[in-house]
Amino acid sequence: MLRSLHYRFDNVMARGTPALIGLLAAACFLFTLLNGVLLLLLAPEALHHRSVGSSLWAGFLRVLSPTHLTRDRGPAPFLASAVVMAFGGILLMSTLIPVISAGLQNQLARLRQGRSPVVETGHVVLLGWSSQVHVIVAELVEANRSRRRACVVVLAEKDRTEMETEIRERVGDLASTRVVCRTGDPADVLDLALVRPERARSVIIVAPEEDRPDFAVIKSLLAVSRTRREDGAGPDIVAGIKDKENLPAARLAGGANCRLVSVQGFIARLLVQTSLHAGLSSVYTELLEFAGDEIYIRPQPELVGRTFADAQLAYRTSSAIGLLEGDGRIVLNPPGGTRIGAAHQIVVISEDDSTVETAEAPARPVPAPLRTPAGTERTGRAVLILGSNQRLPDVVGQLRAHLPDGSRIDVVADRGPSDRSRGLSSAHEDGGLSHPAEALGLGHSDAADDPDDTDDPDDPTTVSFRRADVTRRDVLEALALENYDHVLVISPDDCDPLRADARTLTVLLNLRDLSELHTHTYSVVTEMAYDRHRALAQAARPDDFVVSGNLLSLRLAQVSENPRVDVIFEELFSPEGCRIALQPAGDYVPLGEESDFYAVVDAARRRGETAIGHRIHARAHLAPRYGNILNPDKTQRVSYEDPDRIIVLTG
């Protein structure tokens, strides 16, 4: 019997605080009943209550406050019983208070652990944690300023308090957006249920900072696909895949609503385009940020029946860059004679959705002679790449696609991308030449007679690879820098980002010092791991920066809010599609003479391009746009100088 009672008591205790409180409540009721009976049967006339209800109430008060014992007077049996009841009440209250306190502490600890379900609808879910989260949250906060009750939910294997603290410190003012953090495995279906992804507006999967992040992303894609509603509907899913070989598996795991960004291809194209057109990174940053000019797709009934060339001149503070066809295809920079039909929508760059307005009387600029027609044959260029990472083969391949005939690409690094898989040492101080195609991960070349170059009969661009430590000044001095048009400094990915940026800054300072000593005229573009190191790199005065992690985060946030623009970005960052370029202003309008931007747009149209802004060289040192101005007021007159550039969509 005693064993059975002990077993039952253990089971009750194992149920936690609610069961303990229930047990103490039953004991309290029993003591209240006993005290009520005591008052009815043994209490003297002065303490005797007239009804059973009043006796029970008085008994309940005696349980809560045993100090009533000090006021009791009467026969010995009554006083003895009152003492027993008082000690029972003291035991009961001294047990109940710690139980309630422990229960509250456990509940607070559970809340701090971030394991309570989220009750939200139409929110944005971020799965995973890395340095990208702060940038993505900041962009979502900016995008949600017009929403009254916006919510961003973060699920990661990290302490909830730490996540909330980091977001407050790095993001700052959250405006109207609430950020809710939960602790859990983004690849676990049970943990995913805490953040209700099936009711979310979009899901952004953040790659962890580890050796092979794609595997974690694919697992999260599979988990999210398991949480779809019964009708098959679900949120738009956005993720970045580092290795392009994993894209097919990721697409299969994510399903129809998943939009994937090839990280290697995206950053490689950005590095190449920026190295050939210094200043381009801030243009892309503005297009990807919600705070700057963005891409919108709008119906414009007033332009139906007119040509795309008319549409280019129809906006005063916006830029028409393409058309959305009736079948959903987007055509960027279409021929100027393309007629706009009723099913067409206009793709425009504008400061805000509300600023996409056509002028009442579109301008008709007087055509000016073009100094340099579009498609003019360019001479070969020499590009020097300093450093190596996993994106190097893509960078070399992109440069081959963009450089004119007769160009050459020289790579100097302490190791090639293929060395990482073989575990070779990173210290090769002899400066010797290795087989370039193998070192760059491009396969084997047939050019056995000249191992310094990869000569493809169908590709007139030559590639060479030199193994050396680019942080050493004597190595840089021996490279004959005066023979290069562009220098691209690549951030290594085989070490801590802080150390990688320290190496990059050392290379930049040496390059700038050598250019001043020997009056070299090459442009310098560098890749940085952290945006907060941009201020330090300003001392080396490079021509442009590419903060790869930030731009990837901006693109993920942009696509999550407006999935249709992903097709446009794919086009802009594809070697075969349209691209943004910075061309000499003198190719469009006479230098030193005032002209409005309507004349620039018209000149670009006649070259088969779309002008979207200009870069004023005198402001190139001013943050945050570094001289780049998108969508200038087309009526404002500007006198361009030789270093100034026109920002155009071409290709």
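Coordinates for the structure precede this section.
Residues numbered from 1 in each chain as written. Predicted model: local features only at pLDDT ≥ 70, side-chain atom pairs only at ≥ 80, totals over all residues. Heavy atoms only, no water.

**Digging into the side chain of Gln273**
- Take Gln273: it is sitting in helix H10 (residues 263–276).
- Gln273 gets classed as buried once you look at its relative accessible area, which sits at 4%.
- Polar side-chain contacts of Gln273 include one of 2.5 Å to the side chain of Tyr284.
- The residues touching Gln273, leaving out its near neighbours within four places in the chain, are Leu280, Tyr284, His402, Leu572, Phe573, Arg579 and Ile580. (Helix = DSSP H or I, 4+ residues; strand = E, 2+ residues; numbered from the N terminus. Buried < 20%, exposed > 50% of the residue type's maximum accessible area, 1.4 Å probe, protein only. Polar contact = N/O pair within 3.5 Å; in protein donor to acceptor, adjacent residues only side chain to side chain. Contact = heavy atoms within 4.5 Å.)

**A short note on the sheet that holds strand E1 (residues 124–127)**
- Taken together, 6 strands build an open sheet; the order of strands is E3-E2-E1-E4-E5-E6 and the sheet is parallel. If you trace the sheet from one side to the other, it starts and ends with strand E3 (177–183) and strand E6 (258–262), each paired once. The mean inter-strand angle of the sheet, taken between neighbouring strand axes irrespective of direction, is 20 degrees.
- With respect to the sheet, helix H5 (residues 132–143) is in contact with E1, strand E2 (150–156), E3 and strand E4 (202–205), its orientation differing from that of E1 by roughly 175 degrees.
- Relative to the sheet, H10 contacts strand E5 (236–241) and E6, its axis offset from that of E6 by approximately 50 degrees. (Pairing = 2+ DSSP bridges. Axes fitted to C-alpha atoms, helices over the stretch in contact; angles between N-to-C directions.)

**Regarding the packing of H10 against helix H11 (residues 280–288)**
- Here H10 crosses H11 at 135 degrees, and the two axes come no closer than 8 Å. It follows that H10 is oblique to H11 by the angle criterion. Together, Phe266, Leu270, Gln273 and Thr274 of H10 and Leu280, Ser281, Tyr284 and Leu288 of H11 make up the contact between the two elements.
- Class assignment for the residues of the contact of H10 with H11 results in 5 nonpolar, 3 polar and no charged. (Parallel < 35°, antiparallel > 145°, perpendicular 65-115°, else oblique. Nonpolar A, V, L, I, M, F, W, Y, C, P; charged D, E, K, R; others polar.)

**Some details on the pattern of salt bridges**
- Applying the stated criterion to the full structure yields 24 salt bridges.
- Linking Arg555 and Glu570 is a salt bridge whose minimum nitrogen-to-oxygen distance equals 2.8 Å. Residue Arg555 is found in helix H19 (residues 548–561), and its partner Glu570 is found in helix H20 (residues 565–572); the two are separated by 15 residues along the sequence.
- Note on Arg555: relative accessible area 1%, which makes it buried.
- Residue Glu570 is classed as partly exposed on the basis of its relative accessible area, which comes to 31%.
- With its nearest N and O atoms 3.3 Å apart, the salt bridge here joins Asp602 to Arg606. One end of the pair, Asp602, and the other, Arg606, are both in helix H21 (residues 597–606), 4 residues apart, so they sit about a helical turn from each other.
- Overall, the relative accessible area of 5% leaves Asp602 in the buried class.
- Judged by its relative accessible area of 32%, Arg606 falls in the partly exposed class.
- One connected set of salt bridges, linked through shared partners, spans Arg147, Arg201 and Glu561. (Salt bridge = Lys/Arg side-chain N within 4 Å of Asp/Glu carboxyl O.)

**Focus: the side chain of Asp469**
- Tracing the chain through its elements places Asp469 in the loop between strand E13 (462–467) and helix H16 (473–477).
- Within the buried core, Asp469 has no salt-bridge partner, and the shortest N-O distance to an opposite charge, that of Arg503, equals 4.3 Å.
- Among the polar contacts made by the side chain of Asp469, one reaches the side chain of Thr471 at a distance of 2.7 Å. (Lys, Arg positive; Asp, Glu negative; His and termini not counted.)

**Description of the sheet that holds strand E17 (residues 579–584)**
- Overall, antiparallel pairing links the 4 strands, which are arranged E17-E22-E19-E20 in an open sheet. Looking at which strands have only one partner, the edges of the open sheet turn out to be E17 and strand E20 (628–630). Across the sheet, the mean angle from the axis of one strand to that of its neighbour is 30 degrees, orientation sign disregarded.
- Direction of pairing for strand E19 (residues 610–615) relative to E20: antiparallel, over a ladder of 3 bridges. Paired with Arg615 across the strands is Asn628, a residue of E20.

**Focus on the packing of aromatic side chains**
- Throughout the structure, instances matching the rule amount to 2 aromatic pairs.
- On the numbers, 4.7 Å between centres and 80 degrees between planes, the contact of Phe266 with Phe573 is edge-to-face. Of this pair, Phe266 sits in helix H10 while Phe573 sits in the loop between H20 and E17, placing them 307 residues apart in sequence.
- In this structure Phe266 comes out as buried when scored by relative accessible area, which is 1%.
- Both rings, one in Tyr284 and one in Phe573, keep their centres 4.7 Å apart while their planes meet at 35 degrees; by these two values the pair is tilted. (Phe/Tyr/Trp six-rings, centres within 6.5 Å; stacked < 30°, edge-to-face > 60°.)

**A few points about helix H6 (residues 160–171)**
- With 12 residues, H6 should reach 16 Å at 1.5 Å per residue; the first-to-last C-alpha distance of 16 Å fits that figure.
- Restricting attention to buried positions, one finds in H6 the residues Arg160, Met163, Ile167 and Val171. Looking straight down H6, one finds its buried side chains confined to an arc of 65 degrees; they lie on one side. The exposed set on the far side of H6, more than 90 degrees from its buried face, consists of Arg168 and Glu169.
- Capping the start of H6, Asp159 holds a side-chain oxygen 3.1 Å from the backbone nitrogen of Thr161, two or three residues further along. (Expected span 1.5 Å × (residues − 1). Arc of directions from axis to C-beta.)

**Overview of the packing of H11 against H19**
- One can describe the packing of H11 onto H19 by two numbers: an axis separation of 9 Å at closest approach and a directional angle of 30 degrees. In terms of orientation, H11 lies roughly parallel with respect to H19. Here the hand of the crossing between H11 and H19 comes out left-handed. Packed against H11, whose contacting residues are Thr285, Leu287 and Leu288, the element H19 presents Leu551, Leu554, Arg555 and Gln558 at the interface.
- Here the residues of the contact of H11 with H19 sort into 4 nonpolar, 2 polar and 1 charged. (Left-handed = near helix turned anticlockwise from the far one by under 90°.)

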